[in-house]
Amino acid sequence: MLDFLNRFFGRETASSKNVAKERLRLVLVHDRANVSPELLSSLKNDLIKVISNYMEIDEKALEVSLDSNDQQVALVANIPVKRMKRTKSLA
Amino acid sequence: MGEVIVVTSGKGGVGKTTTTANLGTGLASHGKKVCLVDADIGLRNLDVVMGLENRIVFDIVDVTSGVCRTRQALIKDKRYESLHLLPAAQTKDKTAVNPDQMRELCEELKQEFDFVIIDCPAGIEQGFKNAIAGADKAIVVTTPEVSAVRDADRIIGLLEAADLREPKLIINRYRTKMVNRGDMMSIDDMNEILAIDLLGVVPEDEQVVVTTNKGETVVRDDKSQSGQAYRNITRRILGENVPLLNLEEPGGLLNALRKMIGMR
């Protein structure tokens with residue numbers, strides 16, 4: 001009943017416990033996957049290295065993170081492409 | 001042959017020692033032979049919570065290093081003949097004991113007691129490894145706060161990695177009022193996040209502070225809600241099927257009337 005009222009008045013999303021749950025959900029994805037920030041940043045650097053062979057990317061805007069939906073954890077990379085290369089440059 | 005239960009949490013200050021003291025007292029009140037072991041070497045506390053601080057002669061390090069026999073270090077409780085405490089050392093550090101010694105100690109205590117309950121120190125270092133070394137089962141204590149739940153999750157992972165399967169959860173310092181207005185994670189929220197069996201929920205209760213001040217345990221306080229919660233948990237450990245304590249505030253009209261006549 002209280003839940004219903006909360007939702008009715010649009011409080012549900014604003015309640016601090018939902019904020020807590022959402023933050024925990026994300027932090028536990030990282031904890032459980034045993035991924036340290038160092039590992040993620042080293043993965044990011046390797047990605048840049050490999051992808052740069054094929055296209056010019058915006059390194060500063062590149063985002064790599066772990067995300068979860070339901071039971072699965074996904075590695076999500078957002079890589080803005082500036083320009084495609086005509087041929088693969090052999091580094 | 002008894003069983004060894006370690007009470008752990010990761011984060012400090014969530015109520016491991018209080019839980020250990022109350023479950024030990026509760027089990028002893030059912031006539032069980034219980035030994036409480038304070039594994040928090042250097043930060044001894046279970047003795048003051050039990051009100052036994054003036055009776056300590058030897059401690060756990062004296063036992064593991066062979067200074068005295070185990071029997072000599074055990075302190076008998078003030079109220080229950082069958083309840084004993086093996087205190088931690090206060091002047092040594094965690095490295096004064098190693099996991100092999102703890103395993104050996106637990107084996108010895110199991111021969112004599114129905115339940116050996118180990119109060120684990122906070123953290124995941126040597127003290128934690130010592131405390132869980134000889135345990136058969138684990139209880140994870142947490143509070144409905146992000147930091148405590150996160151640490152509990154980490155501890156559950158470490159317990160399972162150490163082959164302590166199926167740890168049980170105690171949610172401590174639960175505040176129904178805050179949960180009802182959406183400002184504290186509920187029992188369901190915690191179950192969803194941590195996904196382990198729930199052993200019990202203990203409400204926030206001033207009476208815990210009052211009894212601890214006096215070196216007593218709230219489980220013996222018939223009127224307090226937290227005492228009831230600990231009594232229920234005790235019975236669940238003994239294998240009984242006890243429903244969760246109703247933590248809702250007493251119903252509307254009655255409550256309003258009480259407030260009017262100043263009973264609450």
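The preceding data block contains the structure.
Counting restarts for each chain, with residues numbered from 1 along the sequence as it is written. A letter from A marks each chain and a number from 1 marks each ligand, given out in the order of writing. Local features in this predicted model are restricted to residues of pLDDT 70 or higher, and side-chain atom pairs are both shown and tallied only at a pLDDT of 80 or more, whereas totals for entire chains, interfaces and linings draw on every residue. With hydrogens and water stripped out, all remaining heavy atoms of the structure feed into the side-chain values.

Student: Could you give an account of the environment of B:Arg165, naming the residues involved and the relevant values?
Tutor: All names here are of chain B. Each helix is a run of DSSP H or I of at least 4 residues and each strand a run of E of at least 2, with the numbering of both proceeding from the N terminus. Following the sequence through the fold, Arg 165 ends up in the loop between helix H7 (146-161) and strand S7 (168-174). Here the alpha-carbon distance between Arg 165 and Asp 136, two residues 29 residues apart in the chain, equals 9.0 Å. Nitrogen and oxygen atoms within 3.5 Å of one another constitute a polar contact, given that in protein one can donate a hydrogen and the other can accept it, and given that sequence-neighbouring residues count only through two side-chain atoms. A polar atom in the side chain of Arg 165 sits 3.4 Å from the backbone oxygen of Glu 160.

Student: Got a sec to walk through the interface of chain A and chain B? Specific residues and values, please.
Tutor: By a frequent convention, interface size equals the accessible area lost on bringing the separate parts together. Two residues qualify as a contact provided that any one of their heavy atoms is within 4.5 Å of a heavy atom in the partner residue. Taken residue by residue, the interface counts 14 residues in chain A and 15 residues in chain B. With both sides pooled, the region where chain A packs onto chain B buries about 1300 Å², and carbon together with sulfur makes up 53% of that total. Whenever Lys or Arg places a side-chain nitrogen within 4 Å of a carboxyl oxygen from Asp or Glu, that contact is recorded as a salt bridge. At the junction of chain A with chain B, the criterion picks out five salt bridges. Counting every contact that joins chain A to chain B gives ten residue pairs in polar contact (both at pLDDT 80 or more). For the side of chain A that touches chain B, the secondary structure elements donating two or more residues are helix H1 (2-8) and helix H2 (16-33) of chain A. Considering every element that reaches the side of chain A that touches chain B, the biggest residue donor is H2(A), with ten residues. The residue makeup of the side of chain A that touches chain B, split by class, is five nonpolar, three polar and six charged. A 1.4 Å probe defines the accessible area here, and the buried area is the portion of it lost by two parts on being joined, summed over both. Residues are sorted three ways: Asp, Glu, Lys and Arg are charged, Ala, Val, Leu, Ile, Met, Phe, Trp, Tyr, Cys and Pro are nonpolar, and all the rest, Gly among them, are polar.

Student: Which residues make up the packing of helix H5 (residues 99-112) of chain B against helix H6 (residues 126-133) of chain B, and what are the values?
Tutor: Residue and element names in this part refer to chain B. To define axes, lines are fitted to C-alpha atoms, for helices over the stretch in contact only, and angles between the resulting N-to-C directions are given on a 0 to 180 degree scale. Two elements in contact, H5 and H6, have axes whose closest approach is 7 Å; the angle formed by their N-to-C orientations is 30°. When the interaxial angle is binned, H5 and H6 end up roughly parallel. Relative to H6, the crossing made by H5 is right-handed. Listed contacts from H6 to Pro 99, Met 102 and Arg 103 of H5 are Gln 126, Lys 129, Asn 130, Ala 131 and Ala 133. A breakdown of the residues in the contact of H5 with H6 according to their chemical character gives four nonpolar, two polar and two charged. Note on terminology: angles under 35 degrees are roughly parallel, angles over 145 are roughly antiparallel, angles of 65 to 115 are roughly perpendicular, and the others are oblique. Handedness of each helix crossing follows the sense of rotation of the near helix against the far helix: counterclockwise by less than a right angle gives left-handed, clockwise gives right-handed.

Student: If you had to explain H7(B) to someone new, which residues and values would you point to?
Tutor: Helix length check: H7(B) (16 residues) gives 23 Å between terminal C-alpha atoms against 22 Å at 1.5 Å per residue, within 8%. Relative accessible area decides the class of each residue, using a 1.4 Å probe on protein chains only: under 20% of the type maximum gives buried, over 50% gives exposed, and in between gives partly exposed. Three or more residues of H7(B) are buried, namely B:Ala148, B:Val149, B:Ala152, B:Asp153, B:Ile155, B:Ile156 and B:Leu159. Seen along its axis, H7(B) keeps its buried residues to an arc of 170°; they face one direction. Where H7(B) is buried, its residues contact H2 of chain A together with strand S1 (3-8), H6, strand S6 (137-142) and helix H9 (187-194) of chain B. Just beyond H7(B), the residue with positive phi is B:Asp163, at close to 70°. Expected helix span is given by 1.5 Å per residue-to-residue step, counting one fewer step than there are residues. In this description, one arc is meant: the one made by directions from the helix axis to the C-beta atoms.

Student: An account of the nonpolar core is requested, with residue identities and associated values reported.
Tutor: Residue and element names in this part refer to chain B. Within this scheme, the nonpolar core is defined by two criteria: the residues are buried Ala, Val, Leu, Ile, Met, Phe, Trp, Tyr or Cys, and they are joined through side-chain atoms within 4.5 Å. One finds Val 6, Val 37, Ile 60, Leu 86, Ile 118 and Leu 159 to be the most contacted residues of the largest nonpolar core, which totals 54 residues. Per-element accounting of this core gives the leading share, five residues, to H7. Not counting the four nearest positions on each side in its chain, Val 37 is found in contact with Leu 46, Ile 60, Leu 86, Leu 109, Val 116, Ile 117, Ile 118 and Asp 119. Of all hydrophobic cores here, the second largest spans 32 residues; its members include Val 34, Val 49, Leu 83 and Val 218.

These figures capture arrangement, not role.
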